[in-house]
Amino acid sequence: MLQHAHPAKFVAEILGIIWGTYFLWIHNWIGTAISSVILFLGSTIALWNKPIEFLAETALGKVMLVYANPSNFVIYNLSALPVVYGLWTHQGLYVAAGYSLLLLPHLWAWKR
């Protein structure tokens, strides 16, 4: 999870979300898959075997480490399902529910 806190990977993933959102909205699964693989997987490969331990002390690193807990990691991954469905069917409620689910672990983590 800490790798997601690297500034270059973070920007690449935001771009992947933007392009994925666009392609899902116009019902283009191929564009969604290609943009996601290039930006998400490409940024992971670019950072392969690079030191990332120092990122744990950054603000973004601390935010991402919330998802290192197994139950939070499951929530992190499952939150994409309602977002994808909502974008495909143009139903904002599902998109909002998915992103709300994504942020839910932070309510528990930051109250400690």
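Quick notes on the rules
- Per chain, residues are indexed from 1 in the order of the written sequence.
- Only residues with pLDDT of at least 70 get local features here, since the model is predicted, and only at 80 or more are side-chain atom pairs given and counted; chain-wide, interface and lining totals rely on the full set of residues.
- Each side-chain value is derived from all of the structure's non-hydrogen atoms; neither hydrogens nor water enter the calculation.
- A carboxyl oxygen of Asp or Glu within 4 Å of a side-chain nitrogen of Lys or Arg is what we treat as a salt bridge.
- Labels follow the DSSP assignment, with helices taken as runs of H or I lasting at least four residues and strands as runs of E lasting at least two, numbered in each case from the N terminus.
- Relative accessible area decides the class of each residue, using a 1.4 Å probe on protein chains only: under 20% of the type maximum gives buried, over 50% gives exposed, and in between gives partly exposed.
- Helix span, as expected, comes to 1.5 Å for every residue beyond the first.
- In this description, one arc is meant: the one made by directions from the helix axis to the C-beta atoms.
- Between N or O atoms, a polar contact is any pair within 3.5 Å; within protein, one atom must be a potential hydrogen donor and the other a potential acceptor, and residues adjacent in sequence are included only when both atoms are from side chains.
- The contact criterion used throughout is that any non-hydrogen atoms of two residues lie within 4.5 Å.

What follows covers the pattern of salt bridges. Under the counting rule described, the total for this entry stands at one salt bridge. Of the charged contacts, one joins Lys9 and Glu13 as a salt bridge, the two residues approaching to 3.0 Å between their closest N and O atoms. One end of the pair, Lys9, and the other, Glu13, are both in helix 1 (residues 7-25), four residues apart, so they sit about a helical turn from each other. Considered together, Lys9 and Glu13 belong to a single accessibility category, that of buried residues.

This brings us to helix 1. The end-to-end C-alpha distance of helix 1, which contains 19 residues, comes to 27 Å, matching closely the 27 Å that a straight helix rising 1.5 Å per residue would cover. Taken together, the buried positions of helix 1 are occupied by Lys9, Ala12, Glu13, Gly16, Gly20, Phe23 and Leu24. Relative to the axis of helix 1, the buried residues are bounded by an arc of 100° and lie together on one face. His27 sits one or two residues past helix 1 and shows a positive phi near 60°.

This part covers the side chain of His106. Its location among the elements puts His106 in helix 6 (residues 92-111). Taking relative accessible area as the criterion, His106 reaches 13% and is therefore assigned buried. Polar side-chain contacts of His106 include one of 3.1 Å to the side chain of Tyr67. Among residues more than four places away in sequence, those in contact with His106 are Val63, Val66 and Tyr67.

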